[in-house]
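Residue strings, one per chain:
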Amino acid sequence: MFWLQVSTLVLVNVLIASMLFVRPPRAAHDSAGDGALSVWQLIEQVEAERQRQAASTGRHHISPETLARLRI
């Protein structure tokens, strides 16, 4: 019974030591592949899309050239 307790204690200590000193490899997100976008690129795309949607492009939209001709 003594040797069973000693071996269990040793195995538990080895397990704890291996968890503390041996780190599993971490996943890296820096190599996402070709065509991957960064957060800043995505933000720029969303802002550009919002500006396009905010611009009036309906049927009654007057272009800047037409406004310039009307003011003359």
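About the criteria used
Residues numbered from 1 in each chain as written. Predicted model: local features only at pLDDT ≥ 70, side-chain atom pairs only at ≥ 80, totals over all residues. Heavy atoms only, no water. Helix = DSSP H or I, 4+ residues; strand = E, 2+ residues; numbered from the N terminus. Areas by Shrake-Rupley, 256 points an atom, 1.4 Å probe, with all protein chains shown as cover. Patch = residues over 30% accessible without salt bridge, like charges linked within 9 Å, V, L, I, M, F, W, Y side chains within 5 Å. Salt bridge = Lys/Arg side-chain N within 4 Å of Asp/Glu carboxyl O. Buried < 20%, exposed > 50% of the residue type's maximum accessible area, 1.4 Å probe, protein only. Expected span 1.5 Å × (residues − 1).

(A) Representation of the overall build of the protein chain within the structure. Within the protein chain, the secondary structure is distributed over 3 helices and 0 strands. In the protein chain, the order of α-helices and β-strands from amino to carboxyl end is α-α-α. Total accessible area on the protein chain stands at roughly 7500 Å², and carbon and sulfur atoms take up 63% of it.

(B) A look at a nonpolar patch on the surface. A contiguous nonpolar surface patch, about 530 Å² in accessible area, is contributed by Val12, Ile16, Leu20, Phe21 and Val22. The topology assignment puts Leu20 in helix 1 (residues 2–21). Residue Leu20 is classed as exposed on the basis of its relative accessible area of 56%.

(C) Focus on helix 2 (residues 39–54). In this model, helix 2 (16 residues) spans 23 Å end to end at C-alpha, consistent with the 22 Å of a helix rising 1.5 Å per residue. Little of helix 2 is tucked away: 0 of the 16 residues are buried.

These figures capture arrangement, not role.
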